[in-house]
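Survey of secondary and tertiary structure
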Amino acid sequence: MMNSFIELGQPHPPQLGSPESHPNNRHKRASRMKIGIVGYQGCGKSTLFEWLTGTASDPAQAHTSQSAMAPLPDPRVAPLCEIYQPKKITLASLELVDTPGLDRSHEGNAARLGLLREADCLLMVASSFDGSDPLADLNRFDEDLLLADLEIVTGRVERLRETVKKPRPDRKEQQEELAALEPLLTTLEEATPLREIELTDPQIKATRAFRLLSRLPRIAVVNVADDDEDKGRFEGAGPAGVPLLAVPVGLELELSRMSDEDRAAFESEMGLEGFDRDSLLRKILAASGQMIYFTAGEKEVRTWILPVGGTAVEAAGNIHTDLARGFIRAETMRSEDLIRLGSEREIKAQNLMRQEPKDYVVQDGDVLMIRFSV
Ligand SMILES: Nc1nc2c(ncn2[C@@H]2O[C@H](COP(=O)(O)OP(=O)(O)OP(=O)(O)O)[C@@H](O)[C@H]2O)c(=O)[nH]1
Ligand SMILES: [Mg+2]
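Below, the structure is looked at part by part. (Residues numbered from 1 in each chain as written. Chains lettered and ligands numbered in written order. Predicted model: local features only at pLDDT ≥ 70, side-chain atom pairs only at ≥ 80, totals over all residues.)

This part takes up the sheet that holds strand 2 (residues 33-39). Pairing is mixed across the open sheet formed by six strands, whose spatial order is 3-5-2-6-7-8. Strands at the two margins of the open sheet, each flanked by one partner only, are strand 3 (66-71) and strand 8 (244-247). The average undirected angle you get between the axes of adjacent strands in this sheet is 25°. By the bridge criterion, five bridges tie strand 2 to strand 6 (residues 121-127) in an arrangement that is parallel. By the bridge assignment, Ile35 is partnered in strand 6 with Cys121. Strands in contact with helix 1 (residues 45-53) are strand 2, strand 3, strand 5 (93-98), strand 6 and strand 7 (218-223); relative to strand 5, the strand with the most contacts, it is inclined by about 160°. Those strands touched by helix 9 (residues 277-287) are strand 2, strand 3, strand 5, strand 6, strand 7 and strand 8, and its axis lies near 150° from that of strand 7. (Pairing = 2+ DSSP bridges. Helix = DSSP H or I, 4+ residues; strand = E, 2+ residues; numbered from the N terminus. Axes fitted to C-alpha atoms, helices over the stretch in contact; angles between N-to-C directions. Contact = placed C-beta atoms within 7 Å.)

Rendered as structure tokens:
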């Protein structure tokens with residue numbers, strides 16, 4: 001038996017610089033992921049937020065954004081803990097941000113969406129439990145994202161068009177910024193979201209401060225009625241490229257408040273299959289372009305998140321900047337090999353411990369041990 005405790009939340013060492021400051025991380029995001037829960041008024045965002053984080057958002061603060069952490073469960077953690085019997089288990093978390101509902105008339109939405117500038121991924125909620133048309137709402141919501149970007153880029157372009165007329169010391173930079181932004185303005189005016197085009201380096205630079213919303217990855221939850229028997233009709237029906245799940249969010253929140261015993265009894269009585277919150281969290285992680293890797297030892301088994309395509313030195317920097325600075329190599333195993341074989345000794349005996357360099361592309365489920373010099 002393990003007598004470990006689980007520490008929730010992915011701590012973020014204060015030494016860790018901003019993601020952009022890392023030389024290899026120019027286009028990558030930090031290990032800390034913010035997921036903005038968005039949608040029209042009353043669609044169940046705060047209910048979903050409470051279900052996923054266990055924290056009720058404060059109705060008195062409903063005009064602004066509120067956040068809480070949701071630890072990311074991973075089915076590989078328990079078998080790894082069987083092997084290491086660690087003193088401590090730490091799970092990486094997603095930061096979920098509950099936001100005020102938008103108005104279906106688009107009125108005032110650009111300002112409300114301003115609260116989301118920090119988000120790395122959008123979790124769009126649309127209701128069907130109240131008779132709304134969730135697919136129409138999801139498409140309308142995309143328009144709101146685009147309009148918010150259009151407002152920002154238009155404002156910046158108009159200002160730049162004025163300032164480049166004046167002889168200023170930074171005129172050349174302003175002209176470059178204008179040249180980068182004008183094609184984006186055209187794209188938005190044609191109602192094309194920015195995620196559908198490839199940005200050039202100057203465009204990435206020119207838009208970085210704005211964190212434009214129509215570039216963000218998205219995932220959608222349709223909040224269905226408790227007794228909805230035809231959730232399947234929503235499968236594959238959302239906006240192109242957006243994973244969509246139909247969940248009776250209100251019911252799930254109630255179920256999550258029950259004891260395991262009561263819930264099992266209730267579910268079997270009502271013929272319900274509880275929706276799997278853990279798998280929803282993992283889908284959100286995947287939609288945000290992130291994956292999980294592990295560090296494991298007798299002191300601690302721990303999960304970390306990294307953008308898909310992230311390298312060993314980035315994974316090291318996630319843990320501590322010193323590990324990235326003094327990086328020598330990453331001793332790497334596959335968690336499934338380790339779980340199958342039961343020990344590091346057996347991994348080494350079968351030559352499954354790899355010595356990986358800085359630019360090794362970390363795979364979901366890798367167990368890393370960073371060798372570094374101080
Ligand atoms: N029947 C049913 N009611 C729900 C469900 N989800 C939410 N509700 C109810 O709908 C109302 C709005 O839910 P919230 O979670 O506050 O919605 P919201 O999107 O946060 O609303 P705003 O923040 O005002 O935009 C509340 O009265 C909820 O109890 C659901 O799945 N089924
Ligand atoms: Mg709310």
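A few words on the site of ligand 1. In the region of ligand 1, 17 residues are neighbours, and Gly44, Ser46, Thr47, Gly101 and Gly250 sit closest. Mapped onto the shell around ligand 1, the elements with two or more residues apiece are helix 1 and helix 7 (249-257). Classifying every residue of the shell around ligand 1 by side-chain character gives seven nonpolar, nine polar and one charged. (Near = placed C-beta within 6 Å. Nonpolar A, V, L, I, M, F, W, Y, C, P; charged D, E, K, R; others polar.)

What follows covers helix 9. All buried positions along helix 9 are accounted for by Leu280, Leu281, Ile284 and Leu285. Summarising the axial view, the buried residues of helix 9 lie within an arc of 145°, below the 170-degree limit, and thus occupy one face. Looking at the residues trailing helix 9, positive phi occurs at Gly289, about 80°. (Buried ≥ 20, exposed ≤ 12 C-beta atoms within 10 Å, placed from the backbone. Arc of directions from axis to C-beta.)

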